[in-house]
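Secondary and tertiary structure notes
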Amino acid sequence: MATLTENANWGTELWDQYDNLSIHTLKGIDFLERYGHFVRDRATIESEYAYKLRRLVKNYQPKKKDEEDYQFTSCRAFKALMTEINDMAGQHEVVAEDLQANVIRELTALVKDLREERKKQLQEGQRLSQSLQTQIESLQRAKKAYDKAFKEAEKAIDGFQKADADFNLSRAEVEKHRANMAHKTQTCDQAKNEYAVQLQQTNQLQRQHFRSGLPEVFRQLQDLDEKRIKNIKNFIKGSVELERNVFPIINKCLDGVLKAADIINEKEDTLLVIEKYKSGFQPPEDFPFEDLSKGGSDSGSANNLNNIQLGSKIKDGGYTVKGTITGKAMKKRAGIFNIFGSRGKLTEVCMAIKNAAIADGKEDLSELPPNQRRKKLMQKIEELKTKVTQETAARDGLMKMKGVYEGNPALGDPRTIESQLNECSHRLEKLQQDLVRYQGYLDEVVKGIQSGNLTNSVTGSPRLLNGSSRIHRNSGGSAAEENSLSSPESGLGTSHTSLHHADSDQDQYDGNHADPESEYYEADVLPAIGICRALYAFEGTFSASEGSIPMAQDEELHLIEVDQGDGWTRVRRINGEFEEGFVPTTYIETSLFNT
């Protein structure tokens, strides 16, 4: 058996396997197309994987409420890990896109070209085979005609010989047989010559068909199949190269994950917990022994026990150990606008204002524990410094622009900059004042922490006994409370008919008092200045209308205070229980009394 070499080809070795080669090339192209489907599905999986990775990272991104927890190294490491995973997802997207652009697209075009080329070559092979078959049929017809003419010629010769030997026949009959013999012999010679010509043409066409025509077709089919196989090899290598190109970036992402893990420090996190929750108070002192045989109790012990009882009000929604009001108690309080309740007591007005001030918190953050207060003040100071820097840069820019306009009036009017410059200077001055004030608060709390005179409520802290819910109008550090009540946002301080504040001496809270709501501001009942009628019904239930009262359509009410520019008008019911509140100005029509 001869060993096949690389020079062997389909044209010489498979000259008689036209049908098998046709089937083989078709299967090869189908296989290439199937490989293309595989690459397409692979790209889809890469794309879906990248999408799911991004979705995973998005779902585990820290919520805004949890951002404070991400100061811990473990949380920061997890956040960095998610960033790297998101970058890895991007690399899988690159793989999917490159497979789609560089492999699938070229592979699809190749399959189309191969099918068309195969069809063309098979049609050429069919044409050559059909030509040869036609020539063979012509040869067969020529041979058949020659056979027939030869037999007829032999029969005519035999008839002439018999007639020539028969003396009974006339010369005319013998000549007739001679002429027939000559005709048949001539016809036989013509058929023989035609057969020889057809045989020569057939042999020549057959040699051309099997030695050059059909081998060329098979060679083209062989090249086509080799091209298909070679491209499968190239596509596989190209796919690997595309994926290998993203490995360095993926490795960098994995290195980033390792770096994120390396930043985790258990000691640092535990110290952050201390920094986050440390109050700055000193632990409680020992309870002194109370000798009942001496006929009296130790006053210090009584004070301590009293303070413990006071601190236990937390369970009932009272004060916390820091001397502030708990959230449970605050839920029972009305907002700043809900100053007239159904009880009809004017003292509720004062308590609502007082509770609102507590809910909003003090400007100096004195309601916080010392250490937490120090942290918040430092954050506030940093914010103010940043704003001061920004406003200073803005002011300097405006001053430069003004100088340019003054030097060249054609560029602009310097007076247009003055108003902006004045506003910027006012903002800067206010920020600097705030910075100085908060720096004073910080110095105060730092001195308090360094002096070590801070105790919690269990040891009889004056903060708890006096209560941090008091509003001092004239005492140190009280400007924020007074400003918060007189600000335009409160809707109470800018009008000449707003409620009057009571003297701060009447606003002190006794730590032994059982009910914090028993403290009142003194206020005067404001007279009606007109009548208003409700154009529309108003429920007064949405959050923006806190402190409002409901009213029915066409209901008449006393006008207590006109709209101060915030869209709300203060009214009082004419009939029924004493009730005051705010209603939307656009919902009523008013009529003022003649003065």
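The present account deals with the structure reproduced in this document. Remember, predicted model here, so these are calculated numbers, not experimental data.

Moving on, we come to the pattern of salt bridges. Tallying each qualifying case throughout the model produces 29 salt bridges. Of the charged contacts in the structure, one is a salt bridge between D41 and R40, with a shortest N-O distance of 3.7 Å. Residue D41 is classed as partly exposed on the basis of its relative accessible area of 41%. The residue R395 makes a salt bridge to D396 at a minimum N-O spacing of 3.7 Å. Using a relative accessible area of 26% as the deciding quantity, one classes R395 as partly exposed.

Remark on secondary structure: sheet strands pair via backbone hydrogen bonds, oriented parallel or antiparallel. Taken in spatial order, the five strands make up an open sheet running β4-β3-β2-β1-β5, and their pairing is antiparallel. Every interior strand has two partners, whereas the edge strands, β4 (580–584) and β5 (588–592), have only one. Neighbour-to-neighbour, the strand axes of this sheet turn through a mean angle of 40°, independent of strand direction. In this structure, strand β2 (residues 556–561) lies alongside strand β3 (residues 568–573), joined through four bridges in antiparallel fashion. When the bridges of β3 are listed, L559 appears paired with V571.

Before going further, it helps to spend a moment on the packing of aromatic side chains. Within this structure, the stated rule accounts for nine aromatic pairs. With a centroid separation of 6.2 Å and 65° between ring planes, the pair formed by F538 and W568 is classed as edge-to-face. Taken together, the residues F538 in the loop between β1 (530–534) and β2 and W568 in strand β3 connect sequence positions 30 residues apart. In terms of burial, F538 and W568 fall into one category: buried. These aromatic residues form a ring-pair network of at least three members: Y536, F538, W568 and Y587.

Attention now goes to the side chain of T73. Looking at the secondary structure, you find T73 in helix α3 (residues 73–165). Classification of T73 as buried rests on a relative accessible area of 0%. Among the polar contacts listed, one links the side chain of T73 to the backbone nitrogen of N265, at a separation of 2.9 Å. Beyond its immediate stretch of four places on either side in the chain, T73 contacts I263, I264, N265, E268 and D269.

The subject of this paragraph is unusual backbone geometry. The phi torsion at D554 lies on the positive side, around 70°, for a residue other than glycine. Inspection of the secondary structure assignment puts D554 in the loop between β1 and β2. What makes D554 partly exposed here is its relative accessible area of 46%.

Quick look at the environment of E152 now. Residue placement: E152 occurs in helix α3. Spatially, the C-alpha atoms of E152 and K184 are 6.2 Å apart, while their sequence positions differ by 32 residues. In terms of polar contacts, E152 uses its side chain to reach the side chain of K184, at 3.3 Å.

This part is about the nonpolar core. If you look at the biggest cluster of nonpolar residues, it comprises 27 residues, and the most contacted ones within it are L32, V39, L99, V103, L107, L114 and F235. Listing elements by their share of this core, those giving two or more residues are α2 (18–59), α3 and α4 (171–262). It is α3 that contributes the most residues to this core, 12 residues altogether. Those residues in contact with L107 that lie beyond four places of it in its chain are L32, Y35, G36 and F235. In terms of nonpolar packing, the next biggest core, distinct from the first, is built from 12 residues, V388, L428, L431 and Y441 among them.

The next subject is the packing of helix α5 (residues 266–277) against helix α9 (residues 370–407). Angle between the axes and distance between the axes: these two values describe a pair of packed helices. In the contact formed by α5 and α9, the axes pass within 7 Å of each other and the chain directions differ by 95°. Considering the angle they form, α5 stands roughly perpendicular to α9. Facing α5, whose interface residues are E275, K276 and Y277, α9 presents N371, Q372, R374 and K375. In the contact of α5 with α9, the residues fall into one nonpolar, two polar and four charged.

The rules behind these values
Residues numbered from 1 in each chain as written. Predicted model: local features only at pLDDT ≥ 70, side-chain atom pairs only at ≥ 80, totals over all residues. Heavy atoms only, no water. Salt bridge = Lys/Arg side-chain N within 4 Å of Asp/Glu carboxyl O. Buried < 20%, exposed > 50% of the residue type's maximum accessible area, 1.4 Å probe, protein only. Pairing = 2+ DSSP bridges. Helix = DSSP H or I, 4+ residues; strand = E, 2+ residues; numbered from the N terminus. Axes fitted to C-alpha atoms, helices over the stretch in contact; angles between N-to-C directions. Phe/Tyr/Trp six-rings, centres within 6.5 Å; stacked < 30°, edge-to-face > 60°. Polar contact = N/O pair within 3.5 Å; in protein donor to acceptor, adjacent residues only side chain to side chain. Contact = heavy atoms within 4.5 Å. Core = buried A, V, L, I, M, F, W, Y, C linked by side-chain atoms within 4.5 Å. Parallel < 35°, antiparallel > 145°, perpendicular 65-115°, else oblique. Nonpolar A, V, L, I, M, F, W, Y, C, P; charged D, E, K, R; others polar.

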